[in-house]
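# Report on the structure
The primary structure of each chain is shown beneath.
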Amino acid sequence: GGGGPSGLRVAMARVPRRRRVAAALALVVAATCAASSSGHPLDPFHELVDDPATTVVRGPGSVAKRAEASSGSGAADAVAAAVDSWHADTRATPLADVAPAREASHGREEDGGNADDAIEAIVSSKALGEPKPCAPCDGCSVDWAAASLAVSRSDLEGCRGHGACGVCEVDLRRINGTYGLKRLGDNVKVKRETGASAATVLRANGVFSASELLSAGLSAERATAASAVFETSATNASAREKGNASVSVPASPFVKFVCIPGLPRHGTECEPGVPTRAETRLVTNTESLQRLSDFCGLESISTRSWVARVVGTAPAGLPLDPWSVHPDPVPVNQTGIFSSPARGIALSALCSRPEEGPSVLESVPSHQVAQAAVFDFLFCAGDRHTQNVYVADDASITLIDNDNLLGEQVYKPESSAPESRACAISSLFLPGTMESWRLRRSKYCGNRLGTLDYRCHVGPSGEVALPLKLRTCLRFFAENDAETTQNTFGLLERVYAETLRRRASDLLEEGLAEALRNAGLAEKKISDAASHERPVGKLWEELDEDGKAKMMAWRDSMWRPTEPAVCHGLVPDWSDAPHDWRRDKTFEGGEGSCDDTGAQIT
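Residues numbered from 1 in each chain as written. Predicted model: local features only at pLDDT ≥ 70, side-chain atom pairs only at ≥ 80, totals over all residues. Heavy atoms only, no water.

## As for the overall build of the protein chain
On a plain count of helices and strands, the protein chain comes out with 20 helices and 15 strands. When burial is assessed residue by residue, the protein chain has 56% of its 602 residues classed as buried. Partitioning the contacts of the protein chain with sequence separation of at least 6, the portion at a separation of at least 24 is 79%. Only carbon and sulfur atoms are counted for the fraction: they give 50% of the accessible area of the protein chain, which is about 23,700 Å². (Helix = DSSP H or I, 4+ residues; strand = E, 2+ residues; numbered from the N terminus. Buried < 20%, exposed > 50% of the residue type's maximum accessible area, 1.4 Å probe, protein only. Contact = heavy atoms within 4.5 Å. Areas by Shrake-Rupley, 256 points an atom, 1.4 Å probe, with all protein chains shown as cover.)

What follows is the structure in C-alpha cells.
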C-alpha cells in the first residue's frame, strides 16, 4: 500500500472511461486499486458515482444481474451496458467525471445496528504480566506457522509477538515471478505488484518456517537450493518445467525496507546502517500490532510480522518509481520488516478474470470476512484496498501490508487535540468508509467485490457475536488507562492507545455498526468542511490546479455514507467456521435477502 507521486494521480484521473476495454482489465485493476496514504485521486476506474448524496445507492453493475440473463455477449459486456444505461438515465455526463452539486446533502441516514449492552465483562481491569513470545527468532528467522499455532492454543492471556531477532545475511531477490490460482487455469498468471509506496519489498530467499519444512519433508539446505531455482511456493507444474517434479518448496517471507541507501525509490534517501525516523516508527508499529493481534486472537487473518537487521545485496532492476528501475545491485545493511508469505494472488489481480473472479469472491469463508472487518476496525486500517488482500485457491483470504495501522497513517505530532485526526478507517470490508464505498460501485468482477462487505455475511444489522478471547482483550483496553495499554504493547503514541480504548468500549457497549459510525465522525467533519470548497458541475480536466486541490481535499476524507450492502443474494459460508460471528444466527442470505438489483434489504 501507499501513495504514488502526484503526477501519476493526475495522469490516472485523465484516463477517459470509455477507452477502457475488457482486454485491459488486469492492468487497470492492478494499477488503480492502490490507495494513497495522504490523498486519494479521482478514480473513474472504481468510483462510478462520486456523489454521496445521489439518490442511486446501489452499484450500477448490480443491474447487470438481469442483463446477463438476456445478453449473449457475456458478463463483462452486460455490466458495461448496464453502466452506460445507468449513466444515461441519471445524468447526461458520467457521474464519475463530474464534481457533485454544492447543494447535495451529506446528512443521509446511516444504516446503523442495534446497540448491545449485554456483553459480559471477562476480566477485571489489570495490567498484564511480561508476555511470553509466540515463537523465538533465530537471527532473522521466525517459525511463523508455529507462532500462529501457539496463539490458537494459548489461554486467554496467551503469547504475544516473537523473541528478539538479531542480524543475519539474507539472499535478497526481486519479486518478479508470476502467480496464479489453479482454479483459474494454468495459463492465467499475474505478476506481483511492486506498489507505489517509497518502501522496497524483496523476498528473503532461504528463510523458511521450520514447521512448514517438516511438513514438506525438506531440509533447510534442500529447500534453499530449490527455491534458488524458482522463487515462490512452487507449484507442481513449475517444478516439472524445471525438471524437479518431486520438489514443493514452502514460500520464503517478504522483507520490506523503508529506505535502502543508494536506492532512491520515490526520492527516499538514507545512510548505511543509520535508522531513519520513518523506519523506526514503522518498525515499532509493526511489533506493536503483532502483539495486539496475538492478544486479541485476530492474528490468523493476517500475515505475521517481525523485524531484524538484514545484511545483503538488493539486486539490480529494482523499481525507483512507476517508470524507471535502478540498473545496479545495492548493498543493504538496514532493519527489515519481515512478513510471512500470503498464499494466492491479490484481489486486484483476481478481477482480470471477469467470469471466474466472481465465483471466487462468493466462496470466501464468511468467518474470515467478519474477522477481517473487526481486525481493520479495531486496529484502524486506513488502506485496506484490493492490493492488500490476498485470496488463495480455496478462497481463503489474508491481509497484508499492516505496518501503517493503529493511526500511524494519519498521525501528525502537531495535532494532539482530542478532535484531531487520530484514526481514519478505510477498509473494503467496512461500510461507511472510502474503500468499501468505491468497490460497491465497481463493475469489475461482475460487481461482486461488494460482497466482501461484512454485512453480506452477518446480516444487514451489522452486529457480530464476539469470540471470548476478543471480548477479553477489548475489556482490557476499555478498563485500563491509555498509559497502561501503551506500555504493555509498546505503542508509538499515547493517542493510539486512547483511540483504541474508545473503539474497544464502543464495540463492547454499542456493537460494531454503531462503533464504526462513531469512529467515522472525525472523517465526516473533514468531508463536510471540504465539501463547501469543492468545485461543482465541472469535469476533472476542466478544473484548474486550485480546483483540483480543493476537490482532492474533499476526497481525502475516509468517510463515505453508509448504504445497503450489494450482496447479490450471496449465501454466507459458515461451514467449518472456528467461530460463528453472526449475532443473528437465523440470517442465511440468499436471493430473498436482496432486492431485484442485488442490494441487501435492511
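Okay, back to it.
## Some thoughts on the sheet that holds strand 12 (residues 330-339)
Read from one edge to the other, the open sheet built from 6 strands follows the order 3-9-12-8-7-4, with strand pairing classed as mixed. Strands with a single pairing partner mark the edges of an open sheet, and in this sheet they are strand 3 (167-169) and strand 4 (171-173). Between one strand axis and the next, the sheet turns by 40 degrees as a mean value, whatever way the strands run. By the bridge criterion, 4 bridges tie strand 7 (residues 200-205) to strand 8 (residues 254-257) in an arrangement that is antiparallel. What sits directly across from Thr200, in strand 8, is Phe257. Each of strand 9 (305-314) and strand 12 is contacted by helix 9 (residues 277-296), which is oriented at about 25 degrees to strand 12, the strand it contacts most. (Pairing = 2+ DSSP bridges. Axes fitted to C-alpha atoms, helices over the stretch in contact; angles between N-to-C directions.)

## Structural notes on the state of the cysteines
What the rule picks out here adds up to 7 disulfides. The partner cysteine of Cys296 in its disulfide is Cys473, sulfur to sulfur 2.1 Å. For the disulfide bridge between Cys296 and Cys473, the dihedral angle about the S-S bond is near 95 degrees, and by the sign convention the bridge is right-handed. In this pair, Cys296 sits in helix 9 while Cys473 sits in helix 15 (residues 468-479), placing the two residues 177 residues apart along the sequence. With respect to class, Cys296 is no different from Cys473; both count as buried. Note that Cys456 is cross-linked by a disulfide to Cys567, the S-S spacing being 2.1 Å. (Disulfide = S-S within 2.5 Å.)

## Some remarks on the confidence of the model for the protein chain
Here the protein chain shows a mean pLDDT of 74. Residues at 70 or above account for 67%. When the elements of the protein chain are averaged for pLDDT, helix 2 (residues 25-32) gives the smallest value, 33, and helix 12 (residues 366-378) the largest, 98. Scored below 50 in pLDDT, residues 1-127 makes 287 contacts in the model with residues more than four places away or belonging to other chains. Low pLDDT, under 50, characterises residues 229-247; the stretch is placed with 26 contacts to residues that sit more than four places away or in other chains. (pLDDT = per-residue confidence, 0-100.)

## Let's talk about the nonpolar core
Phe379, Phe429, Leu470 and Phe477 are the most contacted members of the largest nonpolar core, which totals 71 residues. When residues of this core are assigned to their parent elements, the largest contribution, 8 residues, is made by helix 12. Those residues within four positions of Phe379 in sequence are excluded, and the remaining contacts are Leu289, Leu292, Ser293, Cys296, Leu298, Leu405, Leu406 and Arg503. Core analysis: the second largest hydrophobic core is formed by 28 residues, Cys168, Leu202, Ala204 and Ala314 among them. (Core = buried A, V, L, I, M, F, W, Y, C linked by side-chain atoms within 4.5 Å.)

## Overview of helix 17 (residues 494-510)
In a regular helix each residue adds 1.5 Å, so 17 residues correspond to 24 Å; helix 17 covers 24 Å between its end C-alpha atoms and thus fits that length. Within helix 17, burial applies to Val495, Tyr496, Ala497, Thr499, Leu500, Arg503, Ala504, Ser505, Asp506, Leu507 and Leu508. Of the surrounding secondary structure, the elements contacted by the buried residues of helix 17 are helix 9, helix 12, helix 15, helix 16 (482-489) and helix 18 (512-519). A positive phi of about 90 degrees marks Gly511, the residue just after helix 17. (Expected span 1.5 Å × (residues − 1).)

## Topic: the sheet that holds strand 14 (residues 389-391)
Taken in spatial order, the 3 strands of this open sheet run 13-14-15, and their pairing is antiparallel. Bordering the open sheet on either side are strand 13 (345-346) and strand 15 (397-399), each of which pairs with just one other strand.

## A look at the packing of helix 16 against helix 17
Two elements in contact, helix 16 and helix 17, have axes separated by 8 Å at closest approach and are oriented at 115 degrees. Relative to helix 17, helix 16 is oriented roughly perpendicular. Handedness of the crossing formed by helix 16 with helix 17: right-handed. Taken together, the residues of helix 17 that come into contact with helix 16 (itself represented by Ala482, Glu483, Thr485 and Gln486) are Arg494, Ala497, Glu498 and Leu500. Tallied by class, residues from the contact of helix 16 with helix 17 come to 3 nonpolar, 2 polar and 3 charged. (Parallel < 35°, antiparallel > 145°, perpendicular 65-115°, else oblique. Left-handed = near helix turned anticlockwise from the far one by under 90°. Nonpolar A, V, L, I, M, F, W, Y, C, P; charged D, E, K, R; others polar.)

## Description of the pairing of strand 12
Of all 10 residues making up strand 12, 8 are buried, and the element is well covered by its neighbours. Where strand 8 meets strand 12, 3 bridges bridge the pair, whose relative direction is antiparallel. Opposite Phe254, over in strand 12, you have Ser339 as the bridge partner. Two strands pair when backbone bridges link them, and strand 9 and strand 12 are joined in this way by 10 bridges, in the antiparallel orientation. Paired with Thr313 across the two strands is Pro331, which belongs to strand 12.

## What to know about the environment of Leu361
Assignment of secondary structure puts Leu361 in helix 11 (residues 357-361). Remark: the alpha-carbon pair of Leu361 and Leu570, spanning 209 residues in sequence, is separated by 9.8 Å. Non-local contacts of Leu361, meaning those with residues more than four positions away in its chain, are made with Leu347, Leu350, Cys445, Arg448, Leu449, Thr451 and Leu452.

## Notes on the pattern of salt bridges
Side chains that differ in sign of charge can pair as their charged atoms come close. For the structure on display, the rule yields 17 salt bridges. Note that Arg448 is salt-bridged to Glu362, the shortest N-O span being 3.3 Å. Note that Arg448 is positioned in the loop between helix 13 (434-439) and helix 14 (455-458) and Glu362 in the loop between helix 11 and helix 12, a separation of 86 residues in sequence. Among the residues examined, Glu362 registers a relative accessible area of 37% and is labelled partly exposed. A salt bridge links Asp528 to Lys524; the shortest N-O distance between them is 3.0 Å. Of this pair, Asp528 and Lys524 are both found in helix 19 (residues 521-531), 4 residues apart, which corresponds to roughly one turn of the helix. (Salt bridge = Lys/Arg side-chain N within 4 Å of Asp/Glu carboxyl O.)

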